[in-house]
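Descriptive structure summary
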Amino acid sequence: MNITRYEPRTLLRDLNEDFNRFLGARLGNYLPLEESDVTMSNWLPAVDIKEEDNRFLVKADIPGVEPKDVEVTMENGMLTIKGKRESEVKEDREDYYRVERVAGEFYRRFTLPDSADPDKINAHYDKGVLEIEIGKGEIHKPKRIPVKS
């Protein structure tokens, strides 16, 4: 029996792209995920995004990742989560039937709506789950400017 490494990257990238397209279309600010960002990842953590009345809540499953190895940033309405999981020492024996646990770098990026306030972000890590809370701010409505002749 040959050991084949499971590669969920394509499926997860497509799901992320679909989710961002759906959320962006709903909120009017869709930006596609950059292919170069995905290719620099060895694995993609599963992420849940929830909108509540006064905040957005992002939960990412990153078991085995130390908090010091995680970087969360928000710039120009883009939330970025990146980090790395160190590899375990594993023996190359023929007793393995399947190898799915991947070590290395990960990178996820999400477009947030205009109501997300970059000054109201908190990140907590507990039991392998990264939880990012993003407060909502006031949405600035477009201002109509009269044209004078």
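Residues numbered from 1 in each chain as written. Predicted model: local features only at pLDDT ≥ 70, side-chain atom pairs only at ≥ 80, totals over all residues. Heavy atoms only, no water.

Moving on, we get to the overall build of the protein. Secondary structure summary: the protein contains 2 helices and 7 strands in total. Mapped from its N terminus to its C terminus, the protein presents α and β elements in the order α-α-β-β-β-β-β-β-β. Each of the 149 residues in the protein was classed as buried or not, and the buried ones make up 32%. Carbon together with sulfur atoms contributes 48% to the accessible area of the protein, which is approximately 10,900 Å² in total. (Helix = DSSP H or I, 4+ residues; strand = E, 2+ residues; numbered from the N terminus. Buried < 20%, exposed > 50% of the residue type's maximum accessible area, 1.4 Å probe, protein only. Areas by Shrake-Rupley, 256 points an atom, 1.4 Å probe, with all protein chains shown as cover.)

A few words on the pairing of strand β5 (residues 104-111). Within β5, 7 of the 8 residues are buried, leaving the element largely enclosed by the surrounding structure. Where strand β4 (residues 78-85) and β5 come together, 8 bridges link them in antiparallel fashion. Paired with Met78 across the bridge in β5 is Thr111. (Pairing = 2+ DSSP bridges.)

Moving on, we come to the confidence of the model for the protein. When pLDDT is low, close inspection of the predicted coordinates is not appropriate. Overall, the prediction assigns the protein a mean pLDDT of 79, with 71% of residues at 70 or greater. The secondary-structure element of the protein with the lowest mean pLDDT is helix α2 (residues 35-39), recorded at 46, while strand β7 (residues 129-136) shows the highest, at 96. (pLDDT = per-residue confidence, 0-100.)

Let us look at the pattern of salt bridges. Side chains that differ in sign of charge can pair as their charged atoms come close. By the definition in use, this model includes 8 salt bridges. Two residues, Lys50 and Glu52, come together in a salt bridge whose shortest N-O distance is 3.4 Å. Ionic pairing is found between Glu51 and Lys136, a salt bridge with its closest N-O pair at 2.8 Å. Taken together, the residues Glu51 in strand β1 (residues 47-51) and Lys136 in strand β7 connect sequence positions 85 residues apart. A network of salt bridges, in which partner residues are shared, links Lys50, Glu52, Arg55 and Glu133. (Salt bridge = Lys/Arg side-chain N within 4 Å of Asp/Glu carboxyl O.)

A separate point is the sheet that holds β4. Strand order in the open sheet made by the 3 strands is β3-β4-β5, with antiparallel pairing throughout. The sheet is open, and its two borders are formed by β3 (70-75) and β5, each paired with just one other strand. Neighbour-to-neighbour, the strand axes of this sheet turn through a mean angle of 10 degrees, independent of strand direction. As paired strands, β3 and β4 are joined by 6 bridges and run antiparallel to one another. Opposite Val70, over in β4, you have Gly83 as the bridge partner. (Axes fitted to C-alpha atoms, helices over the stretch in contact; angles between N-to-C directions.)

As a further point, take the pairing of β7. Here strand β2 (residues 55-61) pairs with β7 via 7 bridges, running antiparallel. Paired with Val58 across the strands is Ile132, a residue of β7. Of the strand pairs in this sheet, strand β6 (residues 116-126) and β7 are connected by 7 bridges, and their pairing is antiparallel. Pairing of His124 across the sheet is with Glu131, part of β7. Count of turn residues in the β6/β7 antiparallel hairpin: 2 residues, of which Lys127 carries a positive phi of about 50 degrees.

This part is about the packing of aromatic side chains. All chains considered together, the criterion is met by 1 aromatic pair. Above the plane of the ring of Trp43 lies Arg85, whose end atom (NZ or CZ) is 3.9 Å from the centre. We note Lys136 situated over the ring of Phe56; from NZ or CZ to the ring centre the distance is 5.0 Å. (Phe/Tyr/Trp six-rings, centres within 6.5 Å; stacked < 30°, edge-to-face > 60°. Lys NZ or Arg CZ within 6 Å of the ring centre and 35° of its normal.)

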